[in-house]
Amino acid sequence: MKIGLLPFLLLVLQVSCITQEICDDDSQSELVARFKTIESTITSDTIMSDVSIHGIREGQSDSLLYDSVSTSIILLPLDPNLEQSRFVLNMNKQNDTLVVTHRNEVYLISYTCGFATLFNLENIGYTSLMIKDIEIKDSIVDTELLQDEEHIWIYY
Amino acid sequence: MKNISGSIISSLLLLVLTQPLAGQDTLRTYGPRIGIDLARFAYIFADPSEIGAELSVDAEVYKNIFPVFEIGYCYISETGDLFDYSAGGSYARAGVDYNLLSVTDRSVHHSITVGFRYGVSLFSHRVEDAFVPSAYWGDVIVDTYENNLTGNWFELVGGLMTEVTPNLFLGWSLRYKVLLNPEMDPFVTPLLVPGYGRGTADRGFGFTYSIFYKIPLFKR
C-alpha cells in the first residue's frame, strides 16, 4: 500500500519544486587591467590619476568608459563583433592606444541567462608615450570574474 | 492521475495476488516481456514540451534475474527571448533487474525489483538566433549553433510489477541517474539528453509507468 502511494508523493514533491527562474549572473565579459609601475626591476601597484578611456568604434561616436578617474584597476569590455578591440587611454593629457587581439567563442551561461562571449587574449599592441610595457597574466576573459582576477598588467 | 491511480491499483493487486489461489497452475511461464512506458506521454505537458516514446524488453533468464533492454526517442523544442532551442535523438539502455519477491507460487509473476542500467544516447541539439549582449560595442546575434553529441549515464533502478491478467503486467520504476559525461558540449550544455533527462544536472531521478505483455513461449 505504501509502495503504491510513492508515485503520488513524488508528483507532489515535483510540483512543489517548481520555482520561477531568475538570472543572477552577469552576461558581460570584461578584461581586468591593473596599473603597475616599474622602477629598474621592481614592480608595484599604483593608482593612476585623471584617467579617461574610450573605445574606438567603427561607424559610431566615441563614448567614454572612464572619465577623469583615479584608479588602480580598469575593466574594459571587449568587442564580440570583431577579433580586435581598440582603446584610447588618456593620462596627463597624453594618449596611448591599446590594441587587444582576441579569439571569440560564444558560450551558454545558463538557460535563464542566455549566451555570452568568451575572449581568448592573443596579443596586445600599444603605443608607448606613457606605457612602458604590457603583460598578459590570464588570457581567458569570460563573465565569471573571480576575486583578484587580473588579465593584464599595464606598466608605467 | 491515471498513472497514479493505475499504480495504486497495481500495488493493491500485487498484495492480493501474491497469495496462492486454490487449484492454480503451478508452472512458471517464460518468454520475452515487451513493455511501453506510458509516463513518457505525460511529458508532452512538461515545460518545454517533450515528445517521445520508450519500449522495453526483458526476460527471466535465470531464477529472479531479468536482463533488460530499453530503447526510446525524444525531442524538445522551445522558443525564448534570448534564443530558440531544440534537441532530439534516440537512446538505449541495457542492464539487469533482480526480483526480491520470494516466489511462494511459481505461477505468480509479480515482482519487486532492484537493478541497474547503462544508457547511451545519440542526439543533436541546435540553438538559433542567440542574443549575445554587449552594451558598449553592440549586441551580436548568432544565427545557428548545432552539435551532434553522445551521452552516457548509469542508473540504479527500483520497481514494482503486477501481473493483472495472465501475461499482462503493469509496473512502475524509480531511477537514480548519474550522467557520466556532463561536459559533452563545452559551449552549450544540452537541455535534454534523451533517455537521461536534463543535461544541466549531472544527477537526476527518473520515473516510468509501463504496461507489458509477456509472450508465453513455454512453461516449466
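Residues numbered from 1 in each chain as written. Chains lettered and ligands numbered in written order. Predicted model: local features only at pLDDT ≥ 70, side-chain atom pairs only at ≥ 80, totals over all residues.

Peer 1: Before we go on, may I ask you to explain the overall build of chain B in this structure?
Peer 2: For chain B, the count of helices and strands is two helices and 12 strands. Beginning at the N terminus, the succession of helices and strands in chain B can be written as α-β-β-α-β-β-β-β-β-β-β-β-β-β. By the burial criterion, 33% of the 220 residues in chain B qualify as buried. Across chain B, every contact between residues at least 6 apart in sequence was considered, and the portion connecting residues at least 24 apart equals 64%. (Helix = DSSP H or I, 4+ residues; strand = E, 2+ residues; numbered from the N terminus. Buried ≥ 20, exposed ≤ 12 C-beta atoms within 10 Å, placed from the backbone. Contact = placed C-beta atoms within 7 Å.)

Peer 1: Would you mind going over the overall build of chain A with me for this structure?
Peer 2: Assigned secondary structure in chain A consists of one helix and 11 strands. Within chain A, the proportion of its 156 residues that are buried is 20%. Contacts spanning at least 24 positions in sequence make up 52% of the contacts within chain A whose residues lie at least 6 apart.

Peer 1: Explanation requested: the environment of Pro133 of chain B in the structure shown.
Peer 2: Tracing the backbone through its elements, the reader meets Pro133 of chain B in the loop between β6 (111-132) and β7 (140-165). Residue Pro133 of chain B is classed as partly exposed on the basis of its C-beta count, with 16 C-beta atoms lying within 10 Å. Setting aside anything within four residues of it in sequence, one finds Pro133 of chain B in contact with Ser27 and Gln28 of chain A together with Asp139 of chain B.

Peer 1: Is there a simple way to think about the environment of Leu100 of chain B in this case?
Peer 2: Residues and elements named next belong to chain B. Along the chain, the position of Leu100 falls in the loop between β5 (84-99) and β6. Once the C-alpha coordinates of Leu100 and Tyr75 are considered, the two residues, 25 residues apart in sequence, prove to be 35 Å apart. In contact with Leu100, other than residues within four places in its own chain, are Ile112, Thr113 and Val114.

Peer 1: Sorry if this is basic, but what is going on with the sheet that holds strand β2 (residues 33-37) of chain B here?
Peer 2: Residues and elements named next belong to chain B. Here we have eight strands rolled up into a closed barrel, ordered β2-β3-β4-β5-β6-β7-β8-β11, and antiparallel in their pairing. When strand polarity is set aside, the average angle formed by the axes of neighbouring strands in this sheet is 25 degrees. Relative to strand β11 (residues 203-214), strand β8 (residues 168-179) runs antiparallel, the two being bridged by 11 bridges. When the sheet's bridge partners are listed, Lys177 is paired in β11 with Gly204. (Pairing = 2+ DSSP bridges. Axes fitted to C-alpha atoms, helices over the stretch in contact; angles between N-to-C directions.)

Peer 1: Looking at this structure, how should I read unusual backbone geometry?
Peer 2: Among all residues save glycine, negative phi is the norm, and among peptide bonds the norm is trans. Along the chain, Asp47 of chain B connects to Pro48 of chain B via a cis peptide bond; the corresponding omega equals 5 degrees. Counting through the fold element by element, Pro48 of chain B comes out in the loop between α2 (39-42) and β3 (50-58). Phi angles above zero are rare outside glycine, and Asp148 of chain A is one such case at about 70 degrees. Examined against the element boundaries, Asp148 of chain A turns out to sit in the loop between β10 (140-141) and β11 (152-155).

Peer 1: Help me understand the pairing of β11 of chain B in this model?
Peer 2: Consecutive residues of a regular strand have side chains that alternate between opposite faces of the sheet. The pairing of β2 of chain B with β11 of chain B spans five bridges and is classified as antiparallel. Within the sheet, the bridge partner assigned to Gly35 of chain B lies in β11 of chain B and is Phe212 of chain B.

Peer 1: What exactly am I supposed to notice about the sheet that holds strand β4 (residues 64-71) of chain A here?
Peer 2: All names here are of chain A. Taking strand neighbours across the sheet as the criterion, the six strands line up as β4-β3-β6-β7-β8-β10 in an open arrangement whose pairing is antiparallel. At either margin of the open sheet sits one strand with a lone partner, and together these are β4 and β10. As paired strands, strand β3 (residues 48-55) and β4 are joined by four bridges and run antiparallel to one another. For His54, the partnering residue across the bridge sits in β4 and is Leu64.

Peer 1: I would appreciate a short explanation of the environment of Thr71 of chain A in the present structure.
Peer 2: On the secondary structure map, Thr71 of chain A appears in strand β4. The contacts of Thr71 of chain A, once residues within four sequence positions are left out, are Ile47, Met48 and Val51 of chain A.

Peer 1: For this particular structure, what's the right way to read the nonpolar core?
Peer 2: Among soluble globular proteins, nonpolar side chains are generally buried collectively. The biggest cluster of nonpolar side chains holds 19 residues, and the ones touching the most others in it are Phe115 of chain A together with Phe83, Ala87, Val127, Ala130, Leu192 and Val193 of chain B. Among the elements of the structure, β8 (114-126) of chain A together with β4 (65-79), β5, β6 and β9 (192-193) of chain B are those that each provide at least two residues to this core. Broken down by element, this core gets its largest block of residues, four residues, from β6 of chain B. Discounting residues that sit within four places of it in the chain, Val193 of chain B has contacts with Ser121, Phe123, Gly151, Leu179 and Gly199 of chain B. Membership of the second largest hydrophobic core comes to 16 residues, among which are Ile53, Val141, Ile152 and Ile154 of chain A. (Core = buried A, V, L, I, M, F, W, Y, C linked by C-beta atoms within 7 Å.)

Peer 1: Help me understand the confidence of the model for chain B, please; the structure alone is not making it clear to me.
Peer 2: The predicted coordinates should not be examined in detail at positions where pLDDT is low. Residues and elements named next belong to chain B. For chain B, mean pLDDT is 89; residues scoring 70 or higher make up 89% of the total. Note on residues 12-23: pLDDT under 50 across the span, and 15 contacts to partners over four residues away in sequence or across chains. In the predicted assembly, ipTM is 0.79 and pTM is 0.78. (pLDDT = per-residue confidence, 0-100.)

Peer 1: What is the right way to read the pairing of strand β2 (residues 42-45) of chain A from this model?
Peer 2: Residue and element names in this part refer to chain A. Summarising the sheet, strand β1 (residues 30-39) and β2 pair through four bridges and their orientation is antiparallel. Paired with Lys36 across the bridge in β2 is Asp45. Here β1 folds back onto β2 in antiparallel fashion, the turn holding two residues, of which Ser40 has a positive phi close to 50 degrees.

Peer 1: When you look at the confidence of the model for chain A in this model, what are you seeing that I'm missing?
Peer 2: Here chain A shows a mean pLDDT of 85. Residues at 70 or above account for 87%. Per-residue pLDDT stays below 50 along residues 1-5 of chain A; that stretch engages in 10 contacts with residues further than four places along the chain or on separate chains.

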